[in-house]
Amino acid sequence: MTTSLPGTGPNAGSTHRRVPVAVSAADPISREGAVGQLRRHPEIELREESGPGTVALLVEAALDEAALTRLRRIVRSEGARAVLVVASMRENELLDVVECGVAAIVWRHEATAERLVQAVLAASRGDGDLPADLLGRLIQQVGALHRGTAGRSGPPALGLTPREVDVLRLVSEGLDTGEIAGKLSYSERTVKNVMHGLTTGLHLRNRAHAVAFALPEGYI
């Protein structure tokens, strides 16, 4: 276990696994601010570069094509799980971000140390973490897609099992892995296995992406 980073607190010798995090930002002040927020928490291990098994925290003032390209590279090429810290996001950008594979989004004005750590830990577990207003907007957008396909005939095309549908429905309500396990009387490992099978089998990026696929098909 790495203990060389300064400011990791009295619990640095804990046996709990530390989450490797690489911070990227468009300007050095934003990067140093995020690094300073995370450095004080013993569960975070700061890295210089992202890669498989790491969480990449990307700080952006706003989303443009260059930012989306960076997100796609981080998730698809480097194999990291992404947390996006952004000041604002237009309606048409939300699905683009989900498609890129972002696991968690934090508004810049809400980016306290505790909020950043919460998002990083959620991303490291494979959980989604969206602000409540963004989750509502995502459901509305995908609901509009669902209404546009409501007139078609035939059963849903994805062929999800009842267990997968139950888990996805609770994911869409914003519940995390432990809460879903409690609601369905499953173990957390079972919930994780269900979501892993879904995202792998359907070539999806994360939980929000899975919800975005399931809603138009009429499962949720």
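The protein chain has the name Transcriptional regulatory protein LiaR in an unreviewed UniProt entry, where Streptomyces lavendulae subsp. lavendulae is given as its organism.

1. What about the overall build of the protein chain?
Counting its regular elements, the protein chain contains nine helices and five strands. Along the protein chain, helices (α) and strands (β) appear in the sequence β-α-β-β-α-β-α-β-α-α-α-α-α-α when read from the amino end. Relative to its full complement of 220 residues, the protein chain shows a buried share of 45%. Counting contacts in the protein chain only where the partners sit at least 6 residues apart, residues at least 24 apart contribute 67% of the total. When the accessible surface of the protein chain is totalled, it reaches about 11,000 Å², and 52% of it is carbon and sulfur.

2. Side note on unusual backbone geometry
If you check the backbone angles, Ser185 has positive phi at about 60° while not being a glycine. Structurally, Ser185 is set in the loop between helix H7 (177-184) and helix H8 (188-201). With a relative accessible area of 67%, Ser185 lands in the exposed category.

3. Some points on the nonpolar core
Among the nonpolar cores identified, the biggest contains 22 residues, and Val21, Val23, Leu38, Leu57, Val83 and Val120 are the most heavily contacted of them. Every element with two or more residues in this core is listed here: strand E1 (19-25), helix H1 (28-39), strand E2 (44-47), strand E3 (55-60), strand E4 (81-86), strand E5 (102-107) and helix H4 (113-125). No other element matches the five residues that H4 contributes to this core. For Leu57, the contacting residues outside a window of four places in its chain are Val21, Ala22, Val23, Ser24, Ala34, Leu38, Val83, Val85, Leu116 and Val120. Leu58, Val86, Met89 and Val102 belong to the second-largest nonpolar core, a separate cluster that totals 21 residues.

4. Structural notes on H1
For H1, built from 12 residues, the straight-helix expectation of 16 Å at 1.5 Å per residue is met to within 8% by its first-to-last C-alpha distance of 16 Å. Residues Ser30, Ala34, Val35 and Leu38 constitute the buried set of H1. Down the axis of H1, the buried side of the element spans an arc of 130°, and every buried residue falls inside it. For H1, the exposed residues set more than 90 degrees away from the buried face come down to Pro28 and Ile29. Those residues of H1 that are buried lie in contact with E1, E2, E3 and H4. Here H1 starts with a cap whose side-chain oxygen sits 3.3 Å from the backbone nitrogen of Ile29, and that cap is Asp27.

5. Concerning the pairing of E2
Inspection of the sheet shows E1 paired to E2 by four bridges, in the parallel sense. Residue pairing across strands places Val19 opposite Ile44, the latter belonging to E2. Of the crossover connections in this fold, the one passing from E1 over H1 to the parallel E2 is right-handed.

6. Some remarks on helix H2 (residues 65-77)
The end-to-end C-alpha separation of H2 is 17 Å, in line with the 18 Å expected for 13 residues at 1.5 Å each. The elements touched by buried residues of H2 are E3, E4, helix H3 (91-100) and E5. Capping of H2 at its N-terminal end is provided by Asp64; its side-chain oxygen lies 3.2 Å from the backbone amide nitrogen of Ala66. Phi for Gly79, located one or two positions after H2, is positive at around 75°.

7. Section: the confidence of the model for the protein chain
The predicted model of the protein chain averages 77 in pLDDT, with 75% of residues at 70 or higher. For the protein chain, helix H5 (residues 132-148) is the element with the lowest average pLDDT, namely 62, and E2 is the one with the highest, namely 94. The low-confidence segment residues 1-15 (pLDDT under 50) makes 23 contacts with residues lying over four places distant or belonging to another chain. Within the model, the stretch residues 152-157 combines pLDDT values under 50 with five contacts to residues more than four positions away or in other chains.

Conventions we followed
- Residues numbered from 1 in each chain as written.
- Predicted model: local features only at pLDDT ≥ 70, side-chain atom pairs only at ≥ 80, totals over all residues.
- Heavy atoms only, no water.
- Helix = DSSP H or I, 4+ residues; strand = E, 2+ residues; numbered from the N terminus.
- Buried < 20%, exposed > 50% of the residue type's maximum accessible area, 1.4 Å probe, protein only.
- Contact = heavy atoms within 4.5 Å.
- Areas by Shrake-Rupley, 256 points an atom, 1.4 Å probe, with all protein chains shown as cover.
- Core = buried A, V, L, I, M, F, W, Y, C linked by side-chain atoms within 4.5 Å.
- Expected span 1.5 Å × (residues − 1).
- Arc of directions from axis to C-beta.
- Polar contact = N/O pair within 3.5 Å; in protein donor to acceptor, adjacent residues only side chain to side chain.
- Pairing = 2+ DSSP bridges.
- Right-handed = clockwise from strand over helix to strand, strands pointing away.
- pLDDT = per-residue confidence, 0-100.

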